[in-house]
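# Summary of structural features
The lines below spell out each chain.
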Amino acid sequence: MKYTQLGRTGLKVSRLVLGTMNFGPQTNEADSHAIMDAALDAGINYFDTANVYGWGENKGRTEEIIGNWFAKSPDHRDKTVLATKVYGNMAADGDAWPNHDKLSAVNIRRAVDASLKRLQTDYIDVYQFHHVDRATPFEEIWQAIDTLIQQGKILYVGSSNFPGYKIAQANEIAARRGGTIGLVSEQCLYNLAERRAEMEVIPAAQEYGLGVIPWSPLQGGLLGGVIKKEISGGRRASGRAADTLANPASRAQIQAYEDLLDKHGIEPGEAALAWLLTRPGVTGPIVGPRTAEQLDSALRAVELELSEEVLTSLDEIFPGPGPSPEAFAW
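Reading guide: rules and limits
Along every chain, residues carry numbers that run from 1 in the direction the sequence is written. Thresholds applied to this predicted model are a pLDDT of at least 70 for local features of residues and 80 or more for the giving and counting of side-chain atom pairs; totals over whole chains, interfaces and linings are not thresholded and use all residues. Only heavy atoms go into the side-chain values, all of them from the structure, while hydrogens and water stay out. We define the nonpolar core as a collection of buried residues of types Ala, Val, Leu, Ile, Met, Phe, Trp, Tyr and Cys that are connected through side-chain atoms lying within 4.5 Å of one another. Three exposure classes are used, based on accessible area relative to the maximum for each residue type with a 1.4 Å probe and protein chains only: buried under 20%, partly exposed in between, and exposed over 50%. Should any heavy atoms of two residues lie within 4.5 Å, those residues are counted as being in contact. Counting from the N terminus, the helices are the DSSP runs of H or I reaching at least four residues and the strands are the DSSP runs of E reaching at least two. Pairing between strands is defined by DSSP: at least two bridges between them are needed. A clockwise path from the first strand over the helix to the second, with the strands pointing away from the viewer, defines a right-handed crossover. Nitrogen and oxygen atoms within 3.5 Å of one another constitute a polar contact, given that in protein one can donate a hydrogen and the other can accept it, and given that sequence-neighbouring residues count only through two side-chain atoms. Centres within 6.5 Å are what make two rings of Phe, Tyr or Trp a pair, Trp counting through its six-membered ring; a difference in plane orientation under 30 degrees is then read as stacked, over 60 as edge-to-face, and the rest as tilted. Criterion for a charge above a ring: Arg CZ or Lys NZ at most 6 Å from the ring centre, at most 35 degrees from the ring normal. The span expected for a helix works out to 1.5 Å for each residue beyond the first. Each salt bridge in this description consists of a side-chain nitrogen of Lys or Arg and a carboxyl oxygen of Asp or Glu lying within 4 Å of one another.

### Quick word on the nonpolar core
Membership of the largest hydrophobic core comes to 80 residues, with the highest contact counts inside it found for Ile108, Tyr127, Phe129, Trp142, Ile145 and Tyr257. Contact partners of isoleucine 145, with chain neighbours within four places excluded, come to Ile108, Tyr127, Phe129, Ile154 and Val157. With twelve residues, the next largest nonpolar core counts Val17, Tyr46, Val184 and Ile213 among its residues.

This is the structure we're talking about:
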């Protein structure tokens, strides 16, 4: 495994991030523990979750599965950089009581204590804001975070799904307060087929020293050889991938992508991950394996070196917006 610093911090993290969203809803606890064992054995030290994972009546279940894994061995927690998120409505019926969601100081305090209990740990390495809260000023948010850091409950803070201007606003207010490190990472939707983050989010993250953690690196399975699997009778596309393939032009684009990689003997999913690892500012993509086999495929991507020919061809198939601000200025 290869490692890098998380943004401007001294924290060393693996270039693949283990996403745990499937733990509980799609992968049972025993298999989830086996995947975490394999990930740690392979050198992945950065595990990502969220308080709402488990979904519906089972919100919090994913954190509980991770907590039970930590309880198995002191080495598990000691070797893991743990990231979780706050924002979501934790009510099982979706009808949140006032102040039981988003980023008010009272909810941050409540949510972090609940996550610590489920995770069976006394601290969280990277505590992430899952979304922007337009109703809560950053002065209030940072005051709450400063208290948690002083209490030793969290070490660093990251964002998720923030636009570039909110990254700037959050860190400028943190700087004015003094003594607050501000955001150190941004988790955003970013992959070959979805490159809008290159317009402002990634430039803002680089300017303020945030590590970029792309989620959905395979665009919901679209970049994982979906047409080839469909033809061979494997798992059919669903959700976002199916919607994209319903468009003839988009299907032709994905076909060109798969044909290119077949020509070079490269697995599509591994190429999509390897491409992200070449992108400026990217710390490491989140991989969310449902099975040990999917984890093995992701691990191979770390060692995959894409040639200049392949990188150029990928840019031709999936052209990005171009440099910022030229991409939207002229």
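### Remarks on the pairing of strand 6 (residues 124-129)
In terms of residue burial, strand 6 counts as a mostly covered element, since six of its six residues are buried. Looking at chain direction, strand 5 (residues 81-86) and strand 6 are connected through four bridges and run parallel. Directly across from alanine 83, in strand 6, lies its bridge partner valine 126. Crossover handedness for the path strand 5 to helix 4 (residues 105-119) to strand 6: right-handed. Where strand 6 meets strand 7 (residues 154-160), five bridges bridge the pair, whose relative direction is parallel. Across the sheet, tyrosine 127 pairs through a bridge with valine 157, a residue of strand 7.

### A closer look at the side chain of glutamate 230
On the secondary structure map, glutamate 230 appears in helix 8 (residues 226-231). A polar contact is formed between the side chain of glutamate 230 and the side chain of arginine 251, at a distance of 2.6 Å. Those residues within four positions of glutamate 230 in sequence are excluded, and the remaining contacts are Arg236 and Arg251.

### Details of the packing of aromatic side chains
This model, assessed by the stated rule, comprises seven aromatic pairs. Ring plane angle 65° and centroid distance 6.1 Å describe the contact between phenylalanine 129 and tryptophan 142, whose orientation is recorded as edge-to-face. Placement of phenylalanine 129 in strand 6 and of tryptophan 142 in helix 5 (residues 138-150) is noted, with a sequence separation of 13 residues between them. On the basis of relative accessibility, which here comes to 0%, the residue phenylalanine 129 falls in the buried class. On the basis of relative accessible area, tryptophan 142 is assigned to the buried category, the value being 0%. Every member of this aromatic cluster is reached through a ring pair, and the members are Phe47, Trp69 and Phe70. The lysine or arginine in question, arginine 77, covers the ring of phenylalanine 70, its NZ or CZ lying 5.4 Å from the ring centre. For the cation-ring pair, arginine 77 lies above tyrosine 123, with the distance from its terminal atom to the ring centre recorded as 4.1 Å.

### So, helix 5
Spanning 13 residues, helix 5 covers 18 Å between terminal C-alpha atoms, matching the ideal 18 Å at 1.5 Å per step. Among the residues of helix 5, Phe138, Ile141, Trp142, Ala144, Ile145, Asp146 and Leu148 are the ones counted as buried. Check the buried side of helix 5 and you find it contacts helix 4, strand 6, strand 7, helix 6 (164-177) and strand 8 (183-189).

### Examining the pattern of salt bridges
Two side chains of opposite charge can pair, provided their charged atoms sit close to one another. Within this structure, the stated rule accounts for 13 salt bridges. Between arginine 61 and glutamate 29 there is a salt bridge, with its nearest N and O atoms 2.6 Å apart. Of this pair, arginine 61 sits in helix 2 (residues 61-72) while glutamate 29 sits in helix 1 (residues 29-41), and the two are 32 residues apart along the sequence. Taking relative accessible area as the criterion, arginine 61 reaches 28% and is therefore assigned partly exposed. In this structure, arginine 61 engages glutamate 64 in a salt bridge whose closest nitrogen and oxygen atoms are separated by 3.5 Å.

### Concerning the environment of methionine 36
By the element assignment, methionine 36 lies in helix 1. Measuring from C-alpha to C-alpha, the distance between methionine 36 and proline 268 comes to 24 Å, with 232 residues separating the pair along the chain. The residues contacting methionine 36, other than those within four sequence positions of it, are Leu18, Phe23, Phe47, Ile65, Ile66 and Trp69.

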